[in-house]
Amino acid sequence: MKKTLNVNIGSMAFVLDEDAYYMLRRYLDDVEARFEPNEAAETLNDLEMRIADIFTEELSSPRQVVDVEMVRKAISILGRADEFGEPRTEPKLQADLRKLRRSRRDRMIGGVCGGLADYFGIDVALVRILMFLLIFFGGASLWVYIILWIVIPSENW
């Protein structure tokens, strides 16, 4: 007995067995890795639409389950992932290098809260609320914010 998953492919609902789902997921992830982020969304959308068409043609009833053979057939029609080009490589230095900067996008006064939110990867509203609570109830004074404003360099345009 196999697990089945209900998935939405190209705005159409399908039931896939677990093996077929993971095979299709690996294929789509592999194809996505070969495009720039702005091109990947459009390409994947087109691929999903075509996959949905192929599955619809193969299934005689909406209650039928898509199996590994149907996924293999769809991949053979669309082409292997390596036919879409070489996987792009991200520069490691840019990803590993994080710098604390005052934000120019998320600024209300000096951009300190926006910069802290970007650095720690959290919502700027949460940092602003925390800063408000620290200034008025936590004993930290407005001087801490001003010192951070002076010490933290501004984000480059």
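The coordinates are above.
Predicted, not measured: the structure shown is a model, and the values here were computed from it. Sequence order as written defines the numbering, with residues in each chain counted from 1. Reporting of local features is limited, given that this is a predicted model, to residues whose pLDDT is at least 70; pairs of side-chain atoms are given and counted only at 80 or more, and all residues count toward the totals for whole chains, interfaces and linings. Working from all heavy atoms in the structure, the side-chain values ignore hydrogens and water.

## Quick notes on unusual backbone geometry
And step 1. The backbone phi angle of S11 is positive, close to 65°, even though this residue is not glycine.
And step 2. In this text, helices come from DSSP runs of H or I with a minimum length of four residues, and strands from runs of E with a minimum of two, each type numbered from the N-terminal end. With respect to the secondary-structure elements, S11 resides in the loop between β1 (4-9) and β2 (12-17).

## Describing helix α2 (residues 37-58)
And step 1. The span one expects for a helix is its residue count, reduced by one, times 1.5 Å. Helix length check: α2, at 22 residues, gives a terminal C-alpha distance of 31 Å against a target of 32 Å (1.5 Å per residue), a fit within 8%.
And step 2. Residue contacts are defined here by distance: any two heavy atoms, one from each residue, within 4.5 Å place the two residues in contact. On its buried side, α2 packs onto β1, β2, α1 (18-32), β3 (65-66) and α3 (68-78).

## Regarding the packing of aromatic side chains
Where two aromatic rings form a pair, the distance of their centres and the angle of their planes describe that pair.
And step 1. In this analysis, rings of Phe, Tyr and Trp, with Trp reduced to its six-membered ring, are considered paired at centre separations within 6.5 Å, and the interplanar angle assigns stacked below 30 degrees, edge-to-face beyond 60, and tilted for intermediate values. For the structure shown, the criterion picks out six aromatic pairs.
And step 2. Pairing Y119 with F120 gives two aromatic rings, centres 5.0 Å apart and planes at 85°, and the pair type is edge-to-face.
And step 3. Any residue under 20% of the maximum accessible area for its type is buried, any over 50% is exposed, and the rest in between are partly exposed; the area is computed with a 1.4 Å probe on protein chains only. Y119 sits in the partly exposed class, given a relative accessible area of 24%.
And step 4. Centroid distance F132 to F136: 4.8 Å. Interplanar angle 50°. Geometry classified as tilted. A residue pair is termed a helical-turn pair when its members lie 3 or 4 positions apart in one helix, as F132 and F136 do in helix α6 (residues 124-136) at four residues.

## Some details on the sheet that holds β2
And step 1. In this description, strands pair whenever DSSP reports at least two bridges between them. Spatially, the three strands line up as an open sheet ordered β1-β2-β3, and their pairing is mixed. Taken across any chain shown, the strands that pair with only one partner, and hence form the sheet edges, are β1 and β3.
And step 2. Two elements, β1 and β2, share six bridges in a ladder whose sense is antiparallel. Bridge pairing in β2 places N8 opposite A13.
And step 3. Against the sheet, α1 contacts β1, β2 and β3, and its axis sits at roughly 115° relative to β2. For every element, the axis is a line fit to its C-alpha atoms; helices are fit only across the contacting stretch, and the angle between N-to-C directions ranges from 0 to 180 degrees.

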